[in-house]
Amino acid sequence: MMKKTDNQCCENETNKPTYDELLARTIKAEEHSFYYQTLLDETQRIARLGSWELDLKTQHLTWTKETYSIFGLEPGPENQNNYDTFNTVLNIHDRKLVSSAIKKSLWHHKLYAIDFRITRADNGKERILHSQADVIRNPADGTPSRMLGTIQDVTSQRDSLQKLEILQSAIDHASETIVITDQKANIIYTNPAFSEITGYTKEEASGQNPRILQSGETRPEVFQEMWHTLTAKKNWRGFFCNRKKNGTLYEEEVSISPLLDNAGDISHYIAVKRDVSKEKLLERQLQQAQKMEAIGTLAGGIAHDFNNILTVLIGNLELVMMFELEEDHPAIKGLNKALAAGQRAKDLANQILTFSRHKTDDLQPLKATPIIKETIKLITSSLPATIELQTVIQAPNDMILADPGPLHKILINLCNNAIKAMQNREGKLEIKLNNRNLADTSAHRYPDLKDGEYLELQVSDSGPKIAPEMADKIFDPYVTTKTGERISGLNLTSVYGIIKKLGGVISLEDDTGSGNTFTILLPTLDYHTTITDSLTKLLRLPTGCEELLLVDDEKEILELNRQVLEKLGYRISTCSDGNSALKIIKRNLQRFDLILTDMTMPGISGVDLARESLKLNPKLCFILGTGYSETINRNEALAVGIKEFYNKPLRTDSLVKMIRQVLDEGK
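All values reported here derive from a predicted model rather than from experimental measurement.

Student: How would you summarise unusual backbone geometry if you had to cite specific residues and measurements?
Tutor: For Arg 48, which is not glycine, the phi torsion reads 55 degrees and is therefore positive. Position of Arg 48 relative to the elements: it lies in the loop between α2 (19-47) and β1 (49-55). In this structure Arg 48 comes out as exposed when scored by relative accessible area, which is 63%. Even without being glycine, Lys 233 reaches a positive phi, approximately 65 degrees. As for its placement among the helices and strands, Lys 233 is situated in the loop between α9 (220-231) and β8 (236-243). The partly exposed category is assigned to Lys 233, whose relative accessible area is 44%.

Student: For the sheet that holds strand β10 (residues 266-275), give the residues involved together with the corresponding values.
Tutor: In a beta sheet, neighbouring strands pair by backbone hydrogen bonds and run either parallel or antiparallel. Strand order in the open sheet made by the five strands is β7-β6-β10-β9-β8, with antiparallel pairing throughout. Edge positions in the sheet fall to β7 (187-190) and β8, since each of these pairs with one other strand and no more. Neighbouring strand axes in the sheet, compared pairwise and without regard to direction, differ in orientation by 30 degrees on average. Where strand β9 (residues 249-260) and β10 come together, nine bridges link them in antiparallel fashion.

Student: For the packing of helix α15 (residues 555-567) against helix α19 (residues 652-666), give the residues involved together with the corresponding values.
Tutor: For any two helices packed against each other, the geometry comes down to the angle between their axes and how far apart the axes lie. Two numbers describe how α15 lies on α19: the axes approach to 12 Å, and their chain directions differ by 60 degrees. Viewed along their axes, α15 and α19 form a crossing whose handedness is right-handed. Facing α15, whose interface residues are Asn 561, Val 564 and Leu 565, α19 presents Thr 652, Leu 655, Val 656 and Ile 659. In terms of residue class, the contact of α15 with α19 is built from five nonpolar, two polar and no charged.

Student: Go over the environment of Ser 576, please, and point to the residues and values.
Tutor: Assignment of secondary structure puts Ser 576 in the loop between β19 (571-575) and α16 (578-587). Sequence separation of Ser 576 and Glu 554 is 22 residues, and the distance between their C-alpha atoms is 7.2 Å.

Student: Can you lay out the pairing of strand β21 (residues 622-626) for me, pointing to particular residues and giving the numbers?
Tutor: Of all five residues in β21, five are buried; the element is thus mostly enclosed. By the alternation rule, side chains of β21 split into Phe 622, Leu 624 and Thr 626 and Ile 623 and Gly 625, which are all buried. Relative to β21, strand β20 (residues 594-598) runs parallel, the two being bridged by four bridges. Bridge pairing in β21 places Ile 595 opposite Phe 622. Viewed along the sheet, the connection from β20 through helix α17 (residues 606-616) into β21 turns out right-handed. Here β21 pairs with strand β22 (residues 644-647) via four bridges, running parallel.

Student: So, the pattern of salt bridges: which residues are in play, and what are the values?
Tutor: Across all of its chains, the model carries 22 salt bridges by this definition. Note that Glu 252 is salt-bridged to Lys 273, the shortest N-O span being 3.4 Å. In this pair, Glu 252 is assigned in strand β9 and Lys 273 in strand β10, connecting sequence segments 21 residues apart. Look at Glu 252 and you get buried, because its relative accessible area is 2%. Its relative accessible area of 7% is what places Lys 273 among the buried residues. With its nearest N and O atoms 2.4 Å apart, the salt bridge here joins Glu 559 to Arg 562. Here the residue Glu 559 and the residue Arg 562 both occupy positions in helix α15, the gap between them amounting to three residues, near one helical turn. The class for Arg 562 is partly exposed, based on a relative accessible area of 23%. By sharing partners, the salt bridges in this structure join Arg 237, Glu 253 and Arg 274 into a single network.

Student: Now, about the nonpolar core: what can you tell me, with residues and values included?
Tutor: In terms of nonpolar packing, the biggest core is built from 42 residues, with Ile 400, Leu 411, Leu 414, Leu 429, Ile 506, Phe 518 and Ile 520 touching the most fellow members. Counting residues per element, the ones that place at least two in this core are α12 (368-381), β13 (399-402), α13 (404-422), β14 (427-438), β15 (452-461), α14 (491-501), β16 (505-508) and β17 (516-523). Among the elements that make up this core, the one with the highest residue count is α13 (nine residues). Excluding its chain neighbours within four sequence positions, the residues that come into contact with Leu 414 are Val 459, Leu 492, Ile 506, Phe 518 and Ile 520. With 24 residues, the next largest nonpolar core counts Leu 54, Leu 61, Tyr 112 and Ile 151 among its residues.

Student: Go over the packing of aromatic side chains with me, naming the residues and quoting the values.
Tutor: In total, this model carries eight aromatic pairs according to the counting rule given. Their ring planes at 25 degrees and their centres at 4.7 Å tell us that Trp 63 and Phe 71 sit as a pair that is stacked. Ring centres of Phe 223 and Phe 240 lie 5.2 Å apart, and the angle between their planes is 25 degrees; this geometry places the pair in the stacked category. With Phe 223 in helix α9 and Phe 240 in strand β8, this pair connects stretches of sequence that are 17 residues apart. Phe 240 carries the same exposure label as Phe 223, and that label is buried. Ring pairing ties together the aromatic residues Trp 63, Tyr 68, Phe 71, Phe 86 and Phe 116, which thus form one cluster.

Student: Would you mind going over α17 in detail, with residue names and values included?
Tutor: Since the α-helix packs 3.6 residues into each turn, any two residues three or four apart lie on the same face. Residues Gly 606, Val 607, Leu 609, Ala 610, Ser 613 and Leu 614 constitute the buried set of α17. Down the axis of α17, the buried side of the element spans an arc of 155 degrees, and every buried residue falls inside it. Among the structural elements, β18 (547-551), α16, β20, β21 and α18 (634-640) are those in contact with the buried residues of α17.

Student: Tell me what's going on with the side chain of Thr 190, and back it up with residues and numbers.
Tutor: Here Thr 190 lies in strand β7. Residues within four places of Thr 190 in sequence aside, it is in contact with Ile 178, Val 179, Lys 202 and Ala 205.

Student: Which residues make up the sheet that holds β20, and what values go with them?
Tutor: Strand order in the open sheet formed by five strands is β19-β18-β20-β21-β22, with parallel pairing between adjacent strands. Edge positions in the sheet fall to β19 and β22, since each has one partner strand and no second. Along the sheet, successive strands turn relative to each other by an average axial angle of 15 degrees, direction set aside. Packed onto the sheet, α16 meets β18, β19, β20 and β21 and runs at close to 135 degrees relative to β19.

The rules behind these values
The numbers attached to residues start from 1 for each chain and follow its sequence in the written order. The model is predicted, so local features are restricted to residues of pLDDT at least 70 and side-chain atom pairs to those at 80 or more, both for listing and for counting; the totals for chains, interfaces and linings are taken over all residues. No hydrogens and no water enter the side-chain calculation; it runs on all heavy atoms of the structure. Strands are runs of DSSP state E lasting at least two residues, helices are runs of H or I lasting at least four, and both sets are numbered from the N terminus onward. Classification of residues uses two cut-offs on accessible area relative to the type maximum, computed with a 1.4 Å probe and protein chains only: under 20% is buried, over 50% is exposed, and between them is partly exposed. At least two DSSP bridges between two strands are required for those strands to pair. Angular values range over 0 to 180 degrees, each being the angle between N-to-C directions of two axes fitted as lines to C-alpha atoms, with helices fitted over their stretch in contact. Handedness of a crossing is defined here by the sense of rotation of the near helix relative to the far one, left-handed for an anticlockwise turn of less than a right angle and right-handed for a clockwise turn. The contact definition used throughout considers only heavy atoms, calling two residues in contact when any of these lie within 4.5 Å. Three classes are used, and their members are as follows: Ala, Val, Leu, Ile, Met, Phe, Trp, Tyr, Cys and Pro are nonpolar, Asp, Glu, Lys and Arg are charged, and the others, Gly among them, are polar. A crossover gets the label right-handed when its path from the first strand over the helix to the second runs clockwise, viewed with the strands pointing away from the viewer. When a carboxyl oxygen of Asp or Glu is within 4 Å of a side-chain nitrogen of Lys or Arg, the pair counts as a salt bridge. The criterion is simple. A nonpolar core is a set of buried Ala, Val, Leu, Ile, Met, Phe, Trp, Tyr and Cys residues joined through side-chain atoms within 4.5 Å. Stacked, tilted and edge-to-face pairs are distinguished by plane angle, under 30 degrees for stacked and over 60 for edge-to-face with tilted covering the rest, among Phe, Tyr and Trp rings (Trp via its six-membered ring) whose centres lie within 6.5 Å. Working definition: the arc comes from the directions between the helix axis and the C-beta atoms, pointing outward to the latter.

Here it is, written out as structure tokens:
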């Protein structure tokens, strides 16, 4: 090699930095180091993110300034080992967690990212920290040499996350439907209740407009009002009648709120909806019950006067026919027609009173199947050839508390209405009788019925379906539905009243199929018995010679009964009010063999007259008649001491026989 010349050596020595230059460079480097350290410290302070380094060979742990701040400590010397300090603030229950995470990261190459708890040194508050780290390994053999990591206080984030999780859980388990849409009303979120109620999955609903639920049953004005309110950035509440995926209609109560962005513009809509189909059904049933109760109350209010009029009419006709005219008299034929018309008027009054009376005296245990089968035979004989009749009778327990006549009438009326609905076209009439056990799941549909076994009678037809808006009115008197020829008159009204009297319910089934189905549920008895038929023979009117007191505020009835009973041999005294009658009885406690009194009169009532009189003479015989009364029934009257109780109008022959029976029993 060539040796350096003297000139070259001198030149190199001349380029060496001087002491001052080296000092200046050192100062500048320290300034840069201080600047970047300060920059790092400030950056971590602003981000609230500390960092740490662990030398795995020496177990020396160093922290940045922000790390000390996170732990609530003052920064120590640069060469201070913070490992022991870390253990003093670390929650004792999380030490194993941290140690295990470090081992997994070192030996199993697992990501070191954990949450742990500490107790701050300055205020003693527990905080949740999140730490992440990477392992620095030796390039030659891959052995770990140190760990570099970050640390952050995430207490607020974890609290917020926990609240969000609770909120999400509440939304997921809510029975109300929750729907969130974007500004254009496209669905972006639905909770599980939405899928459960509507049948649409979350994926099927996403991106769709809520119009997929519209049934056409909600009035357009409702939607107009809704959008007018929402676009004004106000909350809207209302009701929708919507349609599920399977076509079933349901009613829901809806509350929709517009969500505003920072600029005050609408960004989303959130709807909270509750299925109120059950509540609406109960509300309609309550309204129906109240309506029928009002009809019954009205009928009860006029029944007394109406029956008194009928009593005078029928009684005078019978009086003339029995005592004034011969059997071959020319007027007998016309009077019979008048008597028949009066009887029809009485039957009409009884139909109306069926809703309001809760009388069960004439009910008896009977098997329903024979009555239903006999009625079906009668229906079959008059059924048009175009209508097919199908019957399914499967009721092992068909024993109910009822009366054969009304039960027969129920089925006849329902079948006649069904036949009219099919209008002599080809159709099908189906009658089913079976047992049904009501469980708690049926409580919302039949709130008036207790759990237990019932006799279920169903009458179905294939005629035009009754419009939903008519379903609540179908049992009203003289209602014509929109299906054409189905005219109820008093038929369905009386059916409703009979069934209520028997302790049951009747409903028009709400389904999506064609035709109509009426379902009747009657409580069954838990015992079996046999029914003995008896025929009442018409006998001659019995006579008598006893002395009777007649008490009634209707002079026509008083005079009619006086004439009839006097012609039969009785001695009659009359009185037109309760107070006067009580005075007469007090003056003559042993005089009268029987007292026939009306219930509602001026002064004291008939039952009070009997009660006060019996205190004076317990051997007195009372018969109580009433045109209509909710305040007393047969059992209550008998409990007072009254011998017999009847509802007006009562045929003259029946009244005479009752009087004779009471007198004979008294003897």
